[in-house]
Amino acid sequence: MASPHPETWLRVRPEGLWCEPGDFFIDPRLPVPRAIVTHGHSDHARPGMGAVLATEETLAIMRARMGEGRAGDSQQALRYGETVSLNGVKVTLRPAGHVLGSAQVVMDWRGSRAVVSGDYKRSLDPTCAPFEPVPCDVFVTEATFALPVFRHPEPLGEIARLLKSVALFPERTHVIGCYALGKAQRLIALLRQAGWDRPIPLHGALVKLCRLYEELGVPLGPLENATVKDKARFVGSIVMAPPSAIQDRWARRLTEPVPCLASGWMRVRQRARQGGVELPMVISDHADWPELLATCAEVQAPEIWITHGREEALIHALAQRGQRGRALHLVGLGDEEIEDEPGGEE
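Notes on the structure follow. Counting restarts for each chain, with residues numbered from 1 along the sequence as it is written. Residue-level local features of this predicted model are given only where pLDDT is at least 70; pairs of side-chain atoms are given and counted only at 80 or more, and the full residue set underlies all totals for whole chains, interfaces and linings. The side-chain quantities take in all heavy atoms of the structure and omit both hydrogens and water.

Things to note about the packing of aromatic side chains
To keep things clear, this is the line we draw: Within 6.5 Å between ring centres, the rings of Phe, Tyr and Trp (the latter by its six-membered ring) count as paired, and their orientation is classed by plane angle as stacked under 30 degrees, edge-to-face over 60, tilted in between. Elements are defined by DSSP. Helices are runs of H or I of four residues or more, strands are runs of E of two residues or more, and each kind is numbered from the N terminus. Burial classes: relative accessible area under 20% of the type maximum marks a residue as buried, over 50% as exposed, and values in between as partly exposed (1.4 Å probe, protein chains only). A ring is scored as having a charge over it whenever the NZ atom of a lysine or the CZ atom of an arginine sits within 6 Å of its centre and within 35 degrees of its normal.
Tallied over the entire structure, the rule returns seven aromatic pairs. Consider the rings of Phe 150 and Trp 265, whose centres lie 5.4 Å apart with planes at 90°: the pair is edge-to-face. Of this pair, Phe 150 sits in the loop between strand E11 (138-143) and helix H2 (155-168) while Trp 265 sits in the loop between strand E16 (257-262) and helix H6 (269-274), placing them 115 residues apart in sequence. With a relative accessible area of 3%, Phe 150 lands in the buried category. Following the ring pairs from residue to residue traces out a cluster consisting of Tyr 120, Phe 131 and Phe 139. The positively charged end of Arg 172 is found above the aromatic ring belonging to Phe 169, 5.8 Å away from the centroid. Here Arg 271 stacks its cationic end above the ring of Trp 265, 4.1 Å away from the centre of that ring.

Shown next as C-alpha cells:
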C-alpha cells in the first residue's frame, strides 16, 4: 500500500499548521491543547497552550519570556535526535541553527515524512547547534530573504568592519541594535571569537536572555549594564541595545554614539538610511537566497511548502529545479529580527 502524501495529514487551520493523525499543532498562533514549538521567538512561541513539546532550551526561553505559568500547562523536553510517538506519528527534533534550542520538527507517519524547519540559517553561530538537512517527502521552509539580492556576507567580516570603526573612532560609543533573543548573544560570541575581550555593556532589555544563555552553557565573557549615567565609561566601547533604542533618548545620552544595526535587512540601503543607521551590519539569523536553494536541494524533497516570506520568487526558482513549491500563507509568522524585547532599564 502506498504511503499517504503529507498533504493528506498535514493541514493549515486558523490556529496554525496541524498534524491531523498526531492531533498537534506546530508553532500555533492561537491557544491549542497540544503544540510543538520550534523556537522561542514570539512569532513562533506563544502563551496559553496546553501541552508543549520543545527542546529544553526553548522551554527555558519560553518560561523566561512568558513566565512560569504561561509557557504551557504541561511541558515536555525532547533532545535532538530523540523520538517520541504522538498518536502513532513519530516526532524527532533536529537542529535548525536559528537560535539556541531551535529545532526542525521531523514527522514520520506510515512511511511518509514531512519536516517543518521553523526558522533557520546555515552561517556561523557559536551559540547554537548548526542546521542538519533531513531528507523528506515534504520540506516546510521559511522564505524571509527569498530574493536573489539577499546574499549575506560572512559574519566575521561584518564584525571586522565594526572593530575597524571602533579603532578609527575611539572617542565615540558604538551602539548596536540587535534582537534580544539569539542575535545579541550571537554578536557577543562572534566578537569574542574575533578577539574582543573587553566587557560588553548591555541595555537592560538584553540582560535577562544573555544571563539565561550562560545558564544554559553558552559562555559570553564579561558583560555589564549600560547605564547612561556612567556614559564616560563606555567611550570606545561596543554597547548592545534593542533596535528601537539606538535612535531614542537612551542612546543619544551616550558619548557621540555611532548607531549600528545588525540585520539581514541592512542589505537594503534604504532601510539603513531611514533608520538613521551609520554602520549597517548584514548579520542575519535567517537563510539567504543561496542557502535557501541549497537547503531545498539537500533535503531532496519533491515538494517544498513555504510558511511565510517571499514565496513567489522561491516557488519560481524551485520549479526550474524540478521541485514543486506551495505557499501556505500561515498567519502570524513574520520578521522577529526587528521586534524589540519589551521592558528593560536605562
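Focus: the sheet that holds strand E4 (residues 34-36)
The pairing of strands in a sheet comes from backbone hydrogen bonds and takes either a parallel or an antiparallel form. Condition: In this scheme, strands are said to pair when DSSP sees at least two bridges between them. To define axes, lines are fitted to C-alpha atoms, for helices over the stretch in contact only, and angles between the resulting N-to-C directions are given on a 0 to 180 degree scale.
Strands sit in the order E1-E2-E3-E4-E5-E6 across an open sheet of six strands; the sheet is mixed. The open sheet terminates on both sides in strands that have one partner only, identified here as strand E1 (10-13) and strand E6 (74-77). Direction aside, the axes of adjacent strands within the sheet are offset by 30° on average. Both E1 and strand E2 (residues 16-19) contribute to a ladder of four bridges, which runs antiparallel. Residue Leu 10 lies in a different strand from E2, and its bridge partner there is Cys 19.

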